[in-house]
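Examining the three-dimensional arrangement
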Amino acid sequence: MPRVYVVGAGPGDPELVTVRALRLIESADVLVYDRLIPMELLKRAKPNAELIYVGKEPGRHVMEQGEINNLLLRKALEGKLVVRLHGGDPFVFGRGFEECSFLISNGVECEVVPGVTSAIAAPEQFLIPILLRGVSSSLAIVTGREDPGKGFREVDFRRLATSVGTIIILMGASETCRIALELIQGGLSEATPVAIVTRAYMENSRVLFITLGELAKCQVAVENPSVIIVGRSVSLSPLYNTSNPIRH
Ligand code: SAH
């Protein structure tokens, strides 16, 4: 039975992939890959492997999801070993699940290889203990940007504000200011520490420590890709007081 491997490629450093992911990359006939994968991994592909970029940049898609699904299906039915590489973990706001469902409903097997998600890796790179006894006993991983076509917002930041220890926001770069305001309206203090980690485990990765109150002033431009971390655990990072261009 034909099979597609839906594989997590980790947050950016080519060493942060699983052994299974690397083996599959090395044996793939077809590698279908995203924008935020460690590109160096592609060098591990067989010389005659077909490499197909299907990245989605904010606001611009090289290929629509339906086309990606069909591409995976077609290549698998040709008898090729198909590896679909996702940044981070394929089921954390990736379209890995849609791809697997589509393949399975068309008689193709789908195997998921989990990856290190940026949601967890980004705070860890800067030593932020997202879950720590006595400090933060729960976390929420949420999207900062939602499908405008839906007409409503699924993430209610006001209600989320005081219900979890640490809030981790992906895809929030363009919405940081609104999110900060809503979290304050929801009951979080303006002094709540926030970390914005940009390009985690990639070249030029960096962190900005700031407070929710400062962020709500809408003066910080957040680059893509960034993970935003909100909560008390942020201030526990040993780096918290060292690289702090904005906090007063
Ligand atoms: N499946 C991916 C997430 C896809 S959504 C994962 O598990 O990591 C894309 C969002 O992930 C980006 O908007 C950004 O918020 C975040 N992201 C992915 N890689 C990142 C990185 N290296 N550094 C910071 N944020 C990253």
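Before reading on, note that the structure itself is shown above.
What counts and how
- Residues numbered from 1 in each chain as written.
- Predicted model: local features only at pLDDT ≥ 70, side-chain atom pairs only at ≥ 80, totals over all residues.
- Heavy atoms only, no water.
- 1 Å grid on protein atoms, 1.4 Å probe; cavity = no way out; pocket = protein on both sides within 12 Å on 5 of 7 lines; lining within 4 Å.
- Points joined across faces, edges and corners; volume = space filled by probe spheres on them.
- Helix = DSSP H or I, 4+ residues; strand = E, 2+ residues; numbered from the N terminus.
- Nonpolar A, V, L, I, M, F, W, Y, C, P; charged D, E, K, R; others polar.
- Core = buried A, V, L, I, M, F, W, Y, C linked by side-chain atoms within 4.5 Å.
- Buried < 20%, exposed > 50% of the residue type's maximum accessible area, 1.4 Å probe, protein only.
- Contact = heavy atoms within 4.5 Å.
- Pairing = 2+ DSSP bridges.
- Axes fitted to C-alpha atoms, helices over the stretch in contact; angles between N-to-C directions.
- Arc of directions from axis to C-beta.

Attention now goes to empty space enclosed by the protein. The final tally for this structure, using the stated rule, is one cavity of 30 Å³ or more. If you add up the space inside the largest cavity, you get close to 30 Å³. Residue assignment for the lining of the largest cavity shows that the elements contributing at least two residues are helix 6 (176–185), helix 7 (212–215) and strand 12 (226–230). Counting residues per element, the lining of the largest cavity draws most heavily on helix 6, at four residues. Looking at the lining of the largest cavity, its residues break down into eight nonpolar, one polar and no charged.

In this structure, Leu183 and Val230 are the most contacted members of the largest nonpolar core, which totals 23 residues. Where this core is concerned, the elements lending two or more residues are strand 8 (139–143), helix 5 (157–160), strand 9 (166–170), helix 6, strand 10 (193–198), strand 11 (206–211), helix 7 and strand 12. By residue number, the principal contributor to this core is helix 6, which donates three residues. With sequence-adjacent residues up to four places away left out, Leu183 is seen in contact with Phe157, Ala161, Ile167, Leu188, Leu212 and Val230. Counting residues in each nonpolar core, the second largest holds 18 residues, with Ile25, Ile37, Ala49 and Val83 among its members.

Moving on, we get to the sheet that holds strand 11. Here five strands make up an open sheet; going across it, the order is 8-9-12-10-11 and the pairing mixed. Both outer strands of the open sheet, strand 8 and strand 11, are each paired with one neighbouring strand and no more. Taken over all neighbouring pairs, the strand axes of this sheet differ in orientation by 20° on average, direction set aside. Running at roughly 75° to strand 12, helix 4 (residues 118–125) makes contact with strand 8, strand 9, strand 10 and strand 12 of the sheet.

A few words now on helix 3 (residues 96–105). Count 3.6 residues to each turn of an α-helix, and residues three or four apart come out pointing the same way. Every buried residue of helix 3 is listed here: Gly96, Glu99, Cys100 and Leu103. Viewed along the axis of helix 3, the buried residues span an arc of 95°, placing them on a single side of the element. Opposite the packed face of helix 3, turned more than 90 degrees from it, sit the exposed residues Phe97 and Ser105. Against the buried residues of helix 3 lie strand 1 (3–8), helix 2 (65–77), strand 6 (82–86) and strand 7 (109–113). Once helix 3 ends, the next one or two residues include Gly107, with phi positive near 80°.

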